[in-house]
Amino acid sequence: MPDSDPLDFFEDRPTLWPHTAPERLLPSEVEQRLLKAMERVGADGPYAVALCEEAIALARASGDDGEIVRTLFRSATLVLQARRPDRAYVLCLEAQQGFERRDDRWRATRILLLRGQCWLEVGEHERAMTLIAEAAERFRLMDNRADVARCQAAMAMAHRLGGDLDSAIAVAAQAVGTPGAPNDRHLDISLRHNEALMRLERGRQLAQQGDVQGAQAEYARASAVLPDARHIDNPRSQPDGGQVLQNIAQVATAIGDDATVLLALRRLADWARRRGSRLERGIVWLQMAELQRARSRHRAAVACARAAVRHLETLPNEPRLVAARLLLADLLEDQGDYPGAYEAYAEGSRVAAEQQREAIALRAEMLALDRDAEQVLRSTEQTLAYAQRLSNVGHLVASINHELNQPMASIRLVAETALELIDSGETAEVMASMRTMLKLSTRLTDLTAQLAAFPARSTAQVQQLSLRQAVLEALGMLRSRLGQTPCEIEIGFDDALAHGFEGQLVRVIANLVNNALDVLEPVQPRRIEFACAIDGEFVVLSVADNGPGLAPPVLERLFQPFFSTKAAGRGLGLGLALSRDVMREMGGDLRARNGSAGGAVFDVRLPLEDPTTVPGSL
């Protein structure tokens, strides 16, 4: 495994620790309005926007900055769904500044993605790509796979708007295949819907070019990636389900699968009824019109197209209204009703021109907002970057303090014990204590040498080591502490070999035992057990105690730097964070859990083979 570059330490720390505060419920009156807006966003967009504005006003009245920015964030999402990208963008900019100030990098990055989606809504795919790519990179550094997949889906839409359908399909397929993301069933359905939409459009392009065989192959791929219509069942938890069902019906129509078309349309009609959504009802009638046309039932198709127009014309800026009017014009022309066809075509063209004018106006307004806001955001980010550098220096100083204090404290305890042993004439014990002090001083010399070499890249080599010997050395370092806090130590394995840095592993084990002794001080009897097991390509050394165990909130934050459950003055909260970093540098890991019989268990994972010699390793 490659050595980590110390210069990486001075990179923006939020890329390593996203500083995501635990979610708190908003006050009930704010939450109620947002939930009601969520229910009404598809049925009555202006009313949903008004509810969001009420929620924001209530949050502002509270004066709680955290409550305000979280309300802005959720409102921006709903306002965008209500087809008000201009207002959503204003809310996004204010929310992002708030999250940047609070150093909440996860939500600040979600806002970046949302800003990109606002640009997609008004057709500015290049600006959208810039924001979405930045959000994706941040999420990648956080190892947040679900949000990376969301960014990829949005990027696919941006490529589609830019006319690059090949890239759109490739990125959409990559989003579906993102490891870890499909564990969320609703997200998986949305990602599959996105890829199928791109493939459906490519099939239509091929059909128009006369490549019928290629079109059918693309339709088949779209059908294969789509979820089953029966799985789309909860309008509240999956607000884009109506679009997914519409997509299923379109693909099924293209491949001639009437049974699936009818099933999807029935599900879509039920979906619209439960949501009370005129949009979904309009979509159902539009799909029915296309289906009846495909079956050469022109009179029924005209009736369905008229019903689609009737529902969709009540919605502001609804792009499907143009499609519905143009379809009605084609159907009337097929029937020989040329005046009706001309009227429908003229009205469709008028609506299309009006929507285009409004989109241009929105685009201009958002560009003006963006120009002013970027200056403010850039200034905020520069201030935060300076604060982060100061924080990094403090983190480095605290790390050095922690690394030096542990062996120095052990030397002091061993020296005090040696003085007592001299008075009692225990020569052999004194010699053992002196040898322990010599080892500890050697550790200190190694550590100061490493600090002197900072920021040069470490040249230490991974070596084969004995886990039992490492445990015995760590216990030897803590002999005085174990004398003060008597504890039964059980090493439940003969020996095992692994690869790593011996000195660093000894310090990690000593830190775990020292932490266990802190927890076990009020416990009687005290017991620490060491066990060893093979897990695939790793050796796992388990350090278990019989203490009270780890509460879920503690377990969640255990490896965060500066998090500590100890009393003030007894710890900086760096030991576990540093220990895990050390283990990962060796190609292993450090994990925590609660034992089946109670108590805390820390699993020290080390590779069986030298990671620098394994084929395919860096």
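On a predicted model such as this, the values are computed, not experimentally measured, just so you know.

Details of the overall build of the protein chain
Okay, so step 1: When helices and strands are counted, the protein chain shows 22 helices and seven strands.
Okay, so step 2: Per-residue burial for the protein chain yields a buried fraction of 47% across its 618 residues.
Okay, so step 3: For the protein chain, contacts bridging at least 24 residues in sequence account for 68% of all contacts bridging at least 6.
Okay, so step 4: If you sum the accessible surface of the protein chain, you get close to 29,900 Å²; carbon and sulfur atoms cover 53% of it.

Here's the deal with the environment of Leu541
Okay, so step 1: Turning to its location among the elements, Leu541 is positioned in strand β5 (residues 538-545).
Okay, so step 2: Judged by relative accessible area, Leu541 falls into the buried class, the value being 1%.
Okay, so step 3: For the pair formed by Leu541 and Ile509, sequence separation is 32 residues and the distance between their alpha carbons is 9.5 Å.

Things to note about the packing of helix α1 (residues 28-40) against helix α3 (residues 65-81)
Okay, so step 1: As a packed pair, α1 and α3 sit with axes 10 Å apart at the nearest point and diverge in direction by 10°. In terms of their interaxial angle, α1 and α3 are classed as roughly parallel. Each of Val30, Glu31, Leu34, Leu35, Ala37 and Met38 in α1 lies in contact with α3, whose residues at this interface are Glu67, Thr71, Arg74, Ser75 and Leu78.

Quick look at the packing of aromatic side chains
Okay, so step 1: This model, assessed by the stated rule, comprises two aromatic pairs.
Okay, so step 2: Note on Phe73 and Phe99: the rings are 5.9 Å apart at their centroids and 85° apart in plane angle, and the pair reads as edge-to-face. One end of the pair, Phe73, is in helix α3; the other, Phe99, is in helix α4 (residues 85-101), and 26 residues separate them in sequence.
Okay, so step 3: For Phe73, a relative accessible area of 13% corresponds to the buried category.
Okay, so step 4: Exposure remark for Phe99: the relative accessible area of 1% places this residue in the buried category.
Okay, so step 5: Ring geometry for Tyr89 versus Trp119: centroids 5.3 Å apart, planes at 70°, classification edge-to-face. With Tyr89 in helix α4 and Trp119 in helix α5 (residues 105-121), this residue pair connects regions lying 30 residues apart in the sequence. Here the two residues Tyr89 and Trp119 agree in accessibility, since each one is buried.
Okay, so step 6: Above the ring of Phe538, the side-chain terminus of Arg605 is found at 4.7 Å from the ring centroid.

Concerning the sheet that holds strand β7 (residues 600-607)
Okay, so step 1: With mixed pairing, the five strands of this open sheet are ordered in space as β2-β4-β5-β7-β6. The sheet is open, and its two edges are formed by β2 (488-491) and β6 (589-594), each paired on a single side. Along the sheet, successive strands turn relative to each other by an average axial angle of 20°, direction set aside.
Okay, so step 2: The strands that helix α18 (residues 467-477) touches are β2, β4 (527-535), β5 and β7; relative to β2, the one it contacts most, it runs at about 165°.
Okay, so step 3: Helix-sheet contacts for helix α20 (residues 502-520) involve β4, β5, β6 and β7, and the interaxial angle to β4 is about 140°.

Focus: the pattern of salt bridges
Okay, so step 1: Across all of its chains, the model carries 25 salt bridges by this definition.
Okay, so step 2: The closest approach of N and O atoms between Arg33 and Glu54, which form a salt bridge, is 3.0 Å. Residue Arg33 is located in helix α1, and its partner Glu54 is located in helix α2 (residues 45-62); the two are separated by 21 residues in the primary sequence.
Okay, so step 3: Its relative accessible area of 26% is what places Arg33 among the partly exposed residues.

Here we look at the environment of Ala301
Okay, so step 1: Take Ala301: it is sitting in helix α14 (residues 298-312).
Okay, so step 2: A C-alpha to C-alpha distance of 8.9 Å links Ala301 and Leu286, two positions 15 residues apart in sequence.
Okay, so step 3: Excluding residues within four positions of it along the chain, Ala301 makes contact with Ala289, Gln292, Arg293 and Leu331.

Looking at the confidence of the model for the protein chain
Low-pLDDT portions of the prediction should not be read for the details of their coordinates.
Okay, so step 1: Averaged over every residue, the pLDDT of the protein chain is 77; the share at 70 or more is 73%.
Okay, so step 2: Note that residues 452-458 has pLDDT below 50 and, in this model, twelve contacts with residues that lie over four places away or in other chains.
Okay, so step 3: A low-confidence stretch, residues 614-618 (pLDDT under 50), is modelled with five contacts involving residues beyond four sequence positions or located in other chains.

Description of helix α22 (residues 575-585)
Okay, so step 1: Of all the eleven residues making up α22, nine are buried; the element is thus mostly covered by neighbouring parts of the structure.
Okay, so step 2: What α22 keeps buried is the set Gly575, Leu576, Ala577, Leu578, Ser579, Arg580, Val582, Met583 and Glu585.
Okay, so step 3: Positive backbone phi, approximately 95°, marks Gly587, located one or two places after α22.

Considering the nonpolar core
Okay, so step 1: Core analysis: the biggest nonpolar cluster contains 57 residues, and Leu34, Tyr89, Phe99, Cys118, Trp119, Ile132 and Cys151 have the highest contact counts within it.
Okay, so step 2: The residues touching Cys118, leaving out its near neighbours within four places in the chain, are Leu80, Pro85, Ala88, Tyr89, Cys92 and Met366.
Okay, so step 3: With 50 residues, the next largest nonpolar core counts Val462, Met477, Ile509 and Met586 among its residues.

Some thoughts on helix α6 (residues 125-142)
Okay, so step 1: Under the 1.5 Å per step criterion, the end-to-end length of α6 is 25 Å for 18 residues, consistent within 8% with the ideal 26 Å.
Okay, so step 2: Three or more residues of α6 are buried, namely Ala128, Leu131, Ile132, Ala135, Ala136, Arg138, Phe139 and Met142. Buried residues in α6, looked at end-on, bunch into an arc of 165°, giving them a common side.
Okay, so step 3: Backbone geometry just downstream of α6 places Asp143 in the positive-phi region, at approximately 60°.

Some points on the pairing of β5
Okay, so step 1: In terms of burial, β5 is largely enclosed, as seven of its eight residues are buried.
Okay, so step 2: Looking at chain direction, β4 and β5 are connected through eight bridges and run antiparallel. Counted as the bridge partner of Ile534 is Val539 from β5.
Okay, so step 3: Joining the antiparallel neighbours β4 and β5 is a turn of two residues, in which Gly536 adopts a positive phi near 65°.

Side note on unusual backbone geometry
Okay, so step 1: In this chain, Gln524 is followed by Pro525 through a cis amide linkage whose omega measures -10°.
Okay, so step 2: Examined against the element boundaries, Pro525 turns out to sit in the loop between α20 and β4.
Okay, so step 3: The backbone of Arg83 sits at a positive phi, close to 70°, despite the residue not being glycine.
Okay, so step 4: Checked against the element boundaries, Arg83 lands in the loop between α3 and α4.

Examining the packing of α1 against α2
Okay, so step 1: It is at 8 Å that the axes of α1 and α2 come closest, and there the two elements cross at 165°. In terms of axis orientation, α1 runs roughly antiparallel to α2. Both α1 and α2 take part in a crossing whose hand is left-handed. Residues Glu29, Val30, Arg33, Leu34, Lys36, Ala37 and Arg40 of α1 touch α2, and the partners they reach there are Gly45, Tyr47, Ala48, Leu51, Cys52, Glu54, Ala55, Leu58 and Ala59.

What counts and how
- Residues numbered from 1 in each chain as written.
- Predicted model: local features only at pLDDT ≥ 70, side-chain atom pairs only at ≥ 80, totals over all residues.
- Heavy atoms only, no water.
- Helix = DSSP H or I, 4+ residues; strand = E, 2+ residues; numbered from the N terminus.
- Buried < 20%, exposed > 50% of the residue type's maximum accessible area, 1.4 Å probe, protein only.
- Contact = heavy atoms within 4.5 Å.
- Areas by Shrake-Rupley, 256 points an atom, 1.4 Å probe, with all protein chains shown as cover.
- Axes fitted to C-alpha atoms, helices over the stretch in contact; angles between N-to-C directions.
- Parallel < 35°, antiparallel > 145°, perpendicular 65-115°, else oblique.
- Phe/Tyr/Trp six-rings, centres within 6.5 Å; stacked < 30°, edge-to-face > 60°.
- Lys NZ or Arg CZ within 6 Å of the ring centre and 35° of its normal.
- Pairing = 2+ DSSP bridges.
- Salt bridge = Lys/Arg side-chain N within 4 Å of Asp/Glu carboxyl O.
- pLDDT = per-residue confidence, 0-100.
- Core = buried A, V, L, I, M, F, W, Y, C linked by side-chain atoms within 4.5 Å.
- Expected span 1.5 Å × (residues − 1).
- Arc of directions from axis to C-beta.
- Left-handed = near helix turned anticlockwise from the far one by under 90°.

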